[in-house]
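# Topology and contacts: notes
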Amino acid sequence: DAGVIQSPRHEVTEMGQEVTLRCKPISGHNSLFWYRQTMMRGLELLIYFNNNVPIDDSGMPEDRFSAKMPNASFSTLKIQPSEPRDSAVYFCASSPRQGITEAFFGQGTRLTVV
Amino acid sequence: QQQVKQSPQSLIVQKGGISIINCAYENTAFDYFPWYQQFPGKGPALLIAIRPDVSEKKEGRFTISFNKSAKQFSLHIMDSQPGDSATYFCAASTAGRRALTFGSGTRLQVQP
């Protein structure tokens, strides 16, 4: 298995533009997580899905952020409009099944908003 | 109550030495305590994990020590090698909320 696949690896965009980050979880995993990593705040959970259903989105910073999981093999994290403070590395992770909480992380998307 | 506190922020160890990283938690509902290793430009990867029914778990050169009464756990890296140089994160989660709460990270540098 290729692991969790994220795209793009790097994204540079101008303030106010829409940004869409994509994630393909490991096949057969039923939980998917979006994390954000910054120097100031470390690794923080944004949202997680179980069986394609959002379970906890309390970490989503504000209405500018939205996440979807239309099927078991694909998820998106969208920021609209983007702001410089959104600059961070965004990680997607997936876990195999209930009770097993090891999370497998993707390589991340480094987002820079200028 | 979801916070996990990690120390030190950075650590320099000589090759062959022991690296020790500490974490403390507040939420007594946490029941899974993993350590993740992250190299630059990569995502975190699970290193070793423990559940609160045991006080110690060892895998090769890596050992987790767990003190339930003190709500603390630590990672010991024996015979530290330059290839161990990375950032280490402790984390915790509950069975009901599977998402991980991470510590702030420790940047380990092992000098040859």
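The notes below deal with the structure included here. Not measured: the values here are computed from a predicted model. (Residues numbered from 1 in each chain as written. Chains lettered and ligands numbered in written order. Predicted model: local features only at pLDDT ≥ 70, side-chain atom pairs only at ≥ 80, totals over all residues. Heavy atoms only, no water.)

A few words now on the overall build of chain B. Of the regular secondary structure elements, chain B holds 0 helices and 11 strands. A globule of 112 residues ought to have a C-alpha radius of gyration of about 13 Å, and chain B, at 13 Å, matches this closely. Its C-alpha atoms give chain B principal-axis dimensions of about 40 × 30 × 20 Å. Here chain B holds 112 residues, and the buried ones make up 46% of them. Expressed as a percentage of contacts within chain B between residues at least 6 apart in sequence, the contacts between residues at least 24 apart total 53%. Looking at chain B as shown, the accessible area adds up to about 5,400 Å², and 49% of this sits on carbon and sulfur atoms. Computing the positive centroid from 12 side-chain charges and the negative centroid from 7, chain B places the two 6 Å apart. (Helix = DSSP H or I, 4+ residues; strand = E, 2+ residues; numbered from the N terminus. Rg over C-alpha atoms; globule rule 2.2 N^0.38 Å. Buried < 20%, exposed > 50% of the residue type's maximum accessible area, 1.4 Å probe, protein only. Contact = heavy atoms within 4.5 Å. Areas by Shrake-Rupley, 256 points an atom, 1.4 Å probe, with all protein chains shown as cover. Lys, Arg positive; Asp, Glu negative; His and termini not counted. Charge placed at Lys NZ, Arg CZ, Asp CG, Glu CD.)

Right, let's get into the interface of chain A and chain B. Taken residue by residue, the interface counts 24 residues in chain A and 18 residues in chain B. Across the chain A/chain B interface, buried area totals approximately 1,700 Å², and carbon plus sulfur atoms make up 47% of it. Where chain A packs against chain B, one counts 0 salt bridges. Summed over the shared surface of chain A and chain B, the number is 4 residue pairs in polar contact (both at pLDDT 80 or more). Residue composition of the side of chain A that touches chain B, grouped by class: 9 nonpolar, 11 polar and 4 charged. (Buried area = accessible area lost by both parts, 1.4 Å probe. Salt bridge = Lys/Arg side-chain N within 4 Å of Asp/Glu carboxyl O. Polar contact = N/O pair within 3.5 Å; in protein donor to acceptor, adjacent residues only side chain to side chain. Nonpolar A, V, L, I, M, F, W, Y, C, P; charged D, E, K, R; others polar.)

Bringing the packing of aromatic side chains into the picture now. Any aromatic ring pair is given by two values, namely how distant the centres are and how the planes are angled relative to each other. Scanning the entire structure with this criterion turns up 18 aromatic pairs over all chains. Relative to B:Phe66, the ring of B:Phe33 has its centre 4.8 Å away and its plane inclined at 45°; by these criteria the two rings are tilted. Of this pair, B:Phe33 sits in strand β4 (residues 33-38) while B:Phe66 sits in strand β7 (residues 62-67); the two residues are 33 residues apart in sequence, bridging distant segments of the chain. On the basis of relative accessible area, B:Phe33 is assigned to the buried category, the value being 0%. Here a set of aromatic residues connected by ring pairs shows up, and it is made of A:Phe33, A:Tyr35, A:Tyr48, A:Phe91, A:Phe105, B:Tyr36, B:Phe89 and B:Phe102. (Phe/Tyr/Trp six-rings, centres within 6.5 Å; stacked < 30°, edge-to-face > 60°.)

What follows deals with the nonpolar core. Buried together is how nonpolar side chains tend to be arranged in soluble globular proteins. Core analysis: the largest hydrophobic core is formed by 24 residues, its most contacted members being B:Phe33, B:Trp35, B:Phe73, B:Leu75 and B:Tyr88. Broken down by secondary-structure element, the contributors of at least two residues to this core are β2 (10-14), β3 (19-25), β4, β5 (45-50), β7, β8 (72-77), β9 (86-92) and β11 (106-111) of chain B. Among the elements that take part in this core, β9(B) stands out by supplying 4 residues, more than any other. Discounting residues that sit within four places of it in the chain, B:Leu75 has contacts with B:Ser19, B:Ile20, B:Ile21, B:Trp35, B:Leu47, B:Ile48, B:Phe62, B:Thr63 and B:Tyr88. Listed in part, the 21 residues of the second largest apolar core include A:Leu32, A:Phe65, A:Leu77 and A:Tyr90. (Core = buried A, V, L, I, M, F, W, Y, C linked by side-chain atoms within 4.5 Å.)

The subject of this paragraph is the environment of A:Ala88. Mapped onto the elements of the fold, A:Ala88 is located in strand β9 (residues 88-95). Beyond its immediate sequence surroundings of up to four residues, A:Ala88 is in contact with A:Arg36, A:Gln37, A:Thr38, A:Thr109, A:Arg110 and A:Leu111.

This brings us to the pairing of strand β6 (residues 56-59) of chain B. Looking along a regular strand, one sees side chains alternate from face to face of the sheet. Strand direction decides the pairing type here: β6(B) and β7(B), joined by 4 bridges, are antiparallel. Across the sheet, residue B:Lys57 finds its bridge partner in β7(B), namely B:Ile64. (Pairing = 2+ DSSP bridges.)

Residues and elements named next belong to chain A. In space, the 4 strands of this open sheet follow the order β1-β3-β8-β7, with antiparallel pairing throughout. For this open sheet the edge positions go to β1 (5-7) and β7 (65-71), each flanked by a neighbour on one side alone. Across the sheet, the mean angle separating the axes of adjacent strands is 15° when strand polarity is ignored. The pairing of β1 with strand β3 (residues 19-24) spans 3 bridges and is antiparallel. From the neighbouring strand, Ser7 faces β3, where its bridge partner is Arg22. (Axes fitted to C-alpha atoms, helices over the stretch in contact; angles between N-to-C directions.)

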